[in-house]
Amino acid sequence: MPSTLETVLKTVGFIVLAALPLVILWFTLRRMSATARSSVKSGLRLDPPRRISGTSMTLVMVDGKEDREHYFFDTESFYLRRGPVPTAVPLSQITSVTRTSDVIYARYVWQVCFSRASGRKCVTFTNNLSLFNRDFLLFLEAVRKANPLATVDRANVIF
């Protein structure tokens, strides 16, 4: 018959083994977020432009053909691509990047609002954030750096 000490050690061992994957995931997410912040703060040159949107469900007509919207960014601008020529918006003109309550394919829809000469404009899209693609986190940090007054929600891999 096992002693009380053996039973306690087995129980503690099982708890540690069960919690280990969660701890590893937590450290990975923290490191990914910290790396994204530090790369923008250090002025690391980003390969322009980086895609931040997932596959768009919105079809638009471009030159008589259906096309999808795509969203990109670099260190200076946010790009809306509908067709062959993208529209550039300086990151300093972005007033908010917020997560909506809408969900498409288990991903939240994000809304980016910016100021134009014609007024305020907003676009919505799902991001392409994953454990291996942190471009959307880099975009959020670049917006925070370019416009400290902008409302920028936090993001992580779960949303």
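Residues numbered from 1 in each chain as written. Predicted model: local features only at pLDDT ≥ 70, side-chain atom pairs only at ≥ 80, totals over all residues. Heavy atoms only, no water.

Novice: So what's going on with the overall build of the protein? Which residues, and what values?
Specialist: Tallying secondary structure elements over the protein gives two helices and 10 strands in all. Ordering the α and β elements of the protein from the N terminus gives α-β-β-β-β-β-β-β-β-β-α-β. Counting over 159 residues, the protein shows a buried share of 33%. Long-range contacts, defined as pairs at least 24 residues apart, comprise 46% of the intrachain contacts of the protein with a sequence gap of at least 6. Just so you have it, the protein exposes about 10,300 Å², and 59% of that area is on carbon and sulfur atoms. (Helix = DSSP H or I, 4+ residues; strand = E, 2+ residues; numbered from the N terminus. Buried < 20%, exposed > 50% of the residue type's maximum accessible area, 1.4 Å probe, protein only. Contact = heavy atoms within 4.5 Å. Areas by Shrake-Rupley, 256 points an atom, 1.4 Å probe, with all protein chains shown as cover.)

Novice: Describe in detail the sheet that holds strand 8 (residues 107-116), supporting the description with residues and values.
Specialist: The four strands lie next to each other as 9-8-7-10, forming an open sheet whose pairing is mixed. Each of the sheet's edge strands pairs with one partner strand only, and the pair in question is strand 9 (119-126) and strand 10 (151-152). Bridge count for strand 7 (residues 94-104) against strand 8 is seven bridges, and the pairing is antiparallel. In the sheet register, Ile 94 faces strand 8, and the bridge partner there is Phe 114. (Pairing = 2+ DSSP bridges.)

Novice: Describe in detail the state of the cysteines, supporting the description with residues and values.
Specialist: Within the structure shown, the criterion is met by one disulfide. Paired through a disulfide, Cys 113 and Cys 122 show a sulfur-sulfur distance of 2.1 Å. Taking the sign of the S-S torsion, about 105° here, the bridge from Cys 113 to Cys 122 comes out right-handed. A relative accessible area of 1% means that Cys 113 is categorised as buried. (Disulfide = S-S within 2.5 Å.)

Novice: Account for the nonpolar core, with residues named and values stated.
Specialist: Among the nonpolar cores identified, the biggest contains 25 residues, and Phe 78, Ile 94, Val 97, Val 112, Phe 136 and Phe 139 are the most heavily contacted of them. Counting residues per element, this core draws most heavily on helix 2 (residues 135-146), at seven residues. With residues near it in sequence (within four places) discarded, Val 97 still touches Trp 110, Gln 111, Val 112, Phe 139, Leu 140, Val 143, Thr 151, Val 152 and Asp 153. (Core = buried A, V, L, I, M, F, W, Y, C linked by side-chain atoms within 4.5 Å.)

Novice: Which residues make up a nonpolar patch on the surface, and what values do they have?
Specialist: A grouping of Phe 14, Leu 17, Leu 20 and Ile 24 is seen on the molecular surface, where their side chains present a nonpolar patch of about 440 Å² in accessible area. Taking the relative accessible area as the measure of exposure, Leu 20 reaches 44% and is therefore partly exposed. (Patch = residues over 30% accessible without salt bridge, like charges linked within 9 Å, V, L, I, M, F, W, Y side chains within 5 Å. Salt bridge = Lys/Arg side-chain N within 4 Å of Asp/Glu carboxyl O.)

Novice: Give a detailed account of the pattern of salt bridges, specifying residues and quantitative values.
Specialist: Pairing between side chains of opposite charge can happen when the charged atoms of each approach one another. Applying the stated criterion across every chain yields a total of two salt bridges. The closest approach of N and O atoms between Asp 135 and Arg 50, which form a salt bridge, is 2.5 Å. Taken together, the residues span a long stretch of sequence, with Asp 135 in helix 2 and Arg 50 in strand 1 (residues 50-51) at a distance of 85 residues. The closest approach of N and O atoms between Glu 141 and Arg 144, which form a salt bridge, is 2.6 Å. Taken as a pair, Glu 141 and Arg 144 lie in helix 2 at a separation of three residues, close to a single helical turn. Here Glu 141 falls in the buried class, since its relative accessible area comes to 11%. Given a relative accessible area of 26%, Arg 144 falls into the partly exposed group.

Novice: Go over the confidence of the model for the protein, please, and point to the residues and values.
Specialist: Averaged over all residues, the pLDDT of the protein equals 80, while 79% of them reach at least 70. The secondary-structure element of the protein with the lowest mean pLDDT is strand 2 (residues 59-62), recorded at 54, while strand 10 shows the highest, at 93. (pLDDT = per-residue confidence, 0-100.)

Novice: Can you lay out the pairing of strand 8 for me, pointing to particular residues and giving the numbers?
Specialist: In this structure, the hairpin formed by strand 7 and strand 8 is closed by a connection of two residues, where Tyr 105 is found at a positive phi of approximately 50°. As consecutive antiparallel partners, strand 8 and strand 9 are separated by two residues.

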